[in-house]
Amino acid sequence: MASPQDDDDSLDALNSLEKEAKEFDKDAEIARILSAFKLDAYAILDLQPGVPESDIKACYRKKSLLIHPDKTSNPSAPDAFDLLKKAQLELMDDKHRARLDEAIADARMLLMREHKWTADSPETRTKEFAVDWREKTKEVLIDNELRRRKQLKAQLQEEGRAQRKEEEEVEARKRKREHDQAWEQSREQRIGSWRDFKGGKGEAKKGTGDGEGERPKMKKKKKIKALG
């Protein structure tokens, strides 16, 4: 018959095994999330496309509690948790989820077109097709992301040009305003210089001629009489 001490030892051993098993599950899930394709929120959450919103919430809650940084000592837990949270937010956003679903549908159509299959072809219901579909989805999502980045770069360049043009216009208006202010400030000086010039010219006229203050008399030309 087992003693109470033996029972306690067995219970401790069982608890230790359960703890190790839970840590293994946490580490495995963290590794899976970190290795998942980052542009596919379904892959990060390990969900199939088209699942209802309730499944997304339930899946996120279960996995977030499993790998929460406060629940494990795994140093990669914070990164995995952030990816999980981001994936959940993306799938809860109608526009983002619609774009993702469209890309997945495009990948399926492209794969079927390459093999000349139809929706009723038995090959589309195999495990191999599911794997190929996931790989084709990666290609489509990468192409879409590269296109998005290219468009964003062009947009930023255009915004940069527009900003530089606006700054140049602001600088031109500033220079014109400063010029107008300088012109207005020098107005009195210009008026005074003109008055001095006019006054000096008048004095010069008074100082010429036979009499003081009189204009010089012009000599009359003698008329030459014609001979004959």
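Report on the accompanying structure. Everything quoted here is computed from the prediction, not taken from an experiment.

What to know about the overall build of the protein
Then, number 1: Scanning the protein for helices and strands turns up 7 helices and 0 strands.
Then, number 2: Starting at the N terminus and walking to the C terminus, you meet the elements of the protein as α-α-α-α-α-α-α.
Then, number 3: Counting every position in the protein, which comprises 228 residues, the buried fraction comes to 21%.
Then, number 4: Pairs at least 24 residues apart make up 58% of the contacts formed inside the protein by residues separated by at least 6 positions.
Then, number 5: About 18,500 Å² of surface is accessible on the protein, with carbon and sulfur atoms providing 53% of the total.

So, the packing of helix α5 (residues 94-115) against helix α6 (residues 127-185)
To describe two helices that pack against each other, one gives the angle between their axes and the distance between the axes.
Then, number 1: Axis separation between α5 and α6 bottoms out at 8 Å; the angle between their running directions is 120 degrees. With respect to α6, the axis of α5 lies oblique. Two packed elements cross with a definite hand, and for α5 against α6 that hand is right-handed. Contact residues: Leu-100, Ala-103, Ile-104, Asp-106, Ala-107, Arg-108, Leu-110, Leu-111, Met-112 and Glu-114 in α5; Phe-129, Asp-132, Trp-133, Lys-136, Thr-137, Val-140, Leu-141 and Asn-144 in α6.
Then, number 2: A per-class count over the contact of α5 with α6 returns 11 nonpolar, 2 polar and 5 charged.

Examining the nonpolar core
Then, number 1: Core analysis: the biggest nonpolar cluster contains 27 residues, and Ile-33, Tyr-42, Leu-45, Leu-47, Ile-67, Leu-91 and Leu-100 have the highest contact counts within it.
Then, number 2: Looking at which element gives the most residues to this core, the answer is helix α4 (residues 77-92), with 7 residues.

What to know about the packing of helix α3 (residues 53-67) against α4
Then, number 1: Remark: α3 packs on α4, axes separated minimally by 10 Å, with the N-to-C direction vectors making an angle of 170 degrees. With respect to α4, the axis of α3 lies roughly antiparallel. Across the interface between the two elements, Glu-53, Ile-56, Lys-57, Tyr-60, Lys-63, Ser-64 and Ile-67 from α3 touch Ala-77, Ala-80, Phe-81, Leu-84, Lys-85, Gln-88, Leu-91 and Met-92 from α4.
Then, number 2: Broken down by class, the residue content of the contact of α3 with α4 amounts to 9 nonpolar, 2 polar and 4 charged.

Here we look at unusual backbone geometry
Then, number 1: The residue Asp-46 is not glycine, and still its phi comes out positive at about 60 degrees.
Then, number 2: Its location among the elements puts Asp-46 in the loop between α2 (41-45) and α3.
Then, number 3: Even without glycine at this site, Lys-116 takes up a positive phi of about 60 degrees.

As for the environment of Ser-64
Then, number 1: With respect to the helices, strands and loops of the structure, Ser-64 is situated in helix α3.
Then, number 2: For Ser-64, a relative accessible area of 9% corresponds to the buried category.
Then, number 3: Residues Ser-64 and Leu-84, spaced 20 residues apart in sequence, show a C-alpha to C-alpha distance of 7.3 Å.
Then, number 4: Beyond its immediate sequence surroundings of up to four residues, Ser-64 is in contact with Phe-81 and Leu-84.
Then, number 5: Here Arg-61 takes part through its backbone oxygen, which lies 3.0 Å from a polar atom of the side chain of Ser-64.

Things to note about the packing of aromatic side chains
Then, number 1: All told, the structure shown has 2 aromatic pairs when counted by the stated rule.
Then, number 2: Where Trp-117 meets Phe-129, the ring centres are 6.0 Å apart and the plane angle is 55 degrees; that geometry is what we call tilted. Note that Trp-117 is positioned in the loop between α5 and α6 and Phe-129 in helix α6, a separation of 12 residues in sequence.
Then, number 3: Residue classification places Phe-129 among the buried residues on the basis of a relative accessible area of 3%.
Then, number 4: Between Phe-129 and Trp-133 the ring centres are 6.0 Å apart and the planes differ by 45 degrees, which places this aromatic pair in the tilted class. With a gap of 4 residues between them, Phe-129 and Trp-133 both fall in helix α6, about one helical turn apart.
Then, number 5: The class for Trp-133 is partly exposed, based on a relative accessible area of 25%.
Then, number 6: Here the aromatic residues Trp-117, Phe-129 and Trp-133 are joined through ring pairs into a cluster of three or more.

Quick look at the side chain of Thr-124
Then, number 1: As for its position among the elements, Thr-124 is in the loop between α5 and α6.
Then, number 2: Only 2.6 Å separates the side chain of Thr-124 from the backbone oxygen of Ser-121, close enough to count as a polar contact.

Describing the pattern of salt bridges
Then, number 1: This model, assessed by the stated rule, comprises 14 salt bridges.
Then, number 2: Note that Lys-138 is salt-bridged to Glu-135, the shortest N-O span being 3.4 Å. Of this pair, Lys-138 and Glu-135 both sit in helix α6, 3 residues apart, which is roughly one turn of that helix.
Then, number 3: Judged by its relative accessible area of 40%, Glu-135 is partly exposed.
Then, number 4: The salt bridge partner of Asp-180 is Lys-176, with a shortest N-O separation of 3.1 Å. Of this pair, Asp-180 and Lys-176 both sit in helix α6, separated by 4 residues, roughly a single helical turn.
Then, number 5: Judged by relative accessible area, Lys-176 falls into the exposed class, the value being 54%.
Then, number 6: Counted as one network, the salt bridges with shared partners bring together Glu-29, Arg-32 and Lys-63.

Cut-offs applied
Residues numbered from 1 in each chain as written. Predicted model: local features only at pLDDT ≥ 70, side-chain atom pairs only at ≥ 80, totals over all residues. Heavy atoms only, no water. Helix = DSSP H or I, 4+ residues; strand = E, 2+ residues; numbered from the N terminus. Buried < 20%, exposed > 50% of the residue type's maximum accessible area, 1.4 Å probe, protein only. Contact = heavy atoms within 4.5 Å. Areas by Shrake-Rupley, 256 points an atom, 1.4 Å probe, with all protein chains shown as cover. Axes fitted to C-alpha atoms, helices over the stretch in contact; angles between N-to-C directions. Parallel < 35°, antiparallel > 145°, perpendicular 65-115°, else oblique. Left-handed = near helix turned anticlockwise from the far one by under 90°. Nonpolar A, V, L, I, M, F, W, Y, C, P; charged D, E, K, R; others polar. Core = buried A, V, L, I, M, F, W, Y, C linked by side-chain atoms within 4.5 Å. Polar contact = N/O pair within 3.5 Å; in protein donor to acceptor, adjacent residues only side chain to side chain. Phe/Tyr/Trp six-rings, centres within 6.5 Å; stacked < 30°, edge-to-face > 60°. Salt bridge = Lys/Arg side-chain N within 4 Å of Asp/Glu carboxyl O.

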